[in-house]
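# Overview (structure and organization)
Here are the chains, one letter per residue:
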Amino acid sequence: MYLIVGLGNPGEEYEHTRHNAGFDTIDILADEAGARYWKNECGALSARGVLANEEVVLAKPQSYMNTSGGPVKQLCNTYGIAPDNLIVIHDDLDIAPGRIRVKFGGGHAGHNGLRSICDKLGTRDWFRVRCGIGRPPGRMSVSDYVLSRPRHEAQDDFQVGCATAAEAVSFLIRNGLEKTQQEFN
């Protein structure tokens, strides 16, 4: 069984913002996995389904980005899922909009959601699907940028990135990391 977590912030004001790329990707995966019933457990909205012939738990932590680690750890414990079967989908400023990267392990690169998960799990060894959102234009602050909704062609890139991230998750489960990196990175 895999736990697939999309990072984001709960609430209407954050819907479809760059920082919620993980939530938007989870919504795509839920359709693909036949996950229809969402429940509130362990501080997250979760649903079960099947992707690539594997049972999965899809989750959107409701504790806000910076404290995502608590719900992730609780879900891992509840379902008996080791970090090796954890896939976290998140936004990444260092990747161009619409592009993704898949990796296993690594640091948090200043991403507070990843930092929280690393701290709570006590390991950095889990899968990451990084959705590129690019850097803010001009002198716009990073927080204003990530908490804003993309507009015009940036919206198209954002949607393509989330769809590609969802495709990569299924491919990863089916084919493993090396083939996934060759296909998507």
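Keep in mind that what you see is a predicted model, and the values were worked out from it rather than measured.

As for its position among the elements, A166 is in helix 5 (residues 153–175). Between the C-alpha atom of A166 and that of D27, which follows or precedes it by 139 residues, the distance is 9.1 Å. Those residues within four positions of A166 in sequence are excluded, and the remaining contacts are T25, I28 and L29.

Remark: helix 5 packs on helix 6 (residues 177–184), axes separated minimally by 8 Å, with the N-to-C direction vectors making an angle of 150°. When the axes of helix 5 and helix 6 are compared, the pair comes out roughly antiparallel. When the axes of helix 5 and helix 6 are compared, the crossing they make is right-handed. In this structure, helix 5 uses T164, E167, A168, F171, L172 and N175 to contact helix 6, whose residues at the interface are L177, K179, T180, E183 and F184. Partitioning the contact of helix 5 with helix 6 into residue classes produces five nonpolar, three polar and three charged.

Another aspect to go through is the sheet that holds strand 4 (residues 54–61). The strands that make up a sheet pair up through hydrogen bonds in the backbone, lying either parallel or antiparallel. Here we have seven strands laid out as an open sheet, ordered 2-3-4-1-5-7-6, and mixed in their pairing. Each having just a single partner strand, strand 2 (39–41) and strand 6 (100–104) make up the two edges of the open sheet. Here the strands of the sheet are splayed against their neighbours by 30° on average, with no regard to which way each runs. Note that strand 1 (residues 2–6) and strand 5 (residues 86–92) share four bridges and pair parallel. When the sheet's bridge partners are listed, V5 is paired in strand 5 with V88. Lying over the sheet, helix 3 (residues 112–121) contacts strand 5 and strand 7 (127–132), oriented at roughly 155° with respect to strand 5.

Looking now at the UniProt feature "binding site: tRNA" (unreviewed entry) in the chain. Under the feature "binding site: tRNA" (unreviewed entry), the UniProt entry names Y14, Y64, N66 and N112. Residues from the annotated list that form part of the lining of the largest pocket: Y14, Y64, N66 and N112. The residue Y64 is located in the loop between strand 4 and helix 2 (69–79) in this model. Of the residues examined, Y64 reaches a relative accessible area of 41% and is grouped as partly exposed. Filtering out sequence-adjacent residues up to four positions away, Y64 remains in contact with G8, N9, P10 and Y14. Relative to the elements of secondary structure, N66 occurs in the loop between strand 4 and helix 2.

Conventions we followed
Residues numbered from 1 in each chain as written. Predicted model: local features only at pLDDT ≥ 70, side-chain atom pairs only at ≥ 80, totals over all residues. Heavy atoms only, no water. Helix = DSSP H or I, 4+ residues; strand = E, 2+ residues; numbered from the N terminus. Contact = heavy atoms within 4.5 Å. Axes fitted to C-alpha atoms, helices over the stretch in contact; angles between N-to-C directions. Parallel < 35°, antiparallel > 145°, perpendicular 65-115°, else oblique. Left-handed = near helix turned anticlockwise from the far one by under 90°. Nonpolar A, V, L, I, M, F, W, Y, C, P; charged D, E, K, R; others polar. Pairing = 2+ DSSP bridges. UniProt positions renumbered as here; feature names shortened; annotations may be inferred. 1 Å grid on protein atoms, 1.4 Å probe; cavity = no way out; pocket = protein on both sides within 12 Å on 5 of 7 lines; lining within 4 Å. Buried < 20%, exposed > 50% of the residue type's maximum accessible area, 1.4 Å probe, protein only.

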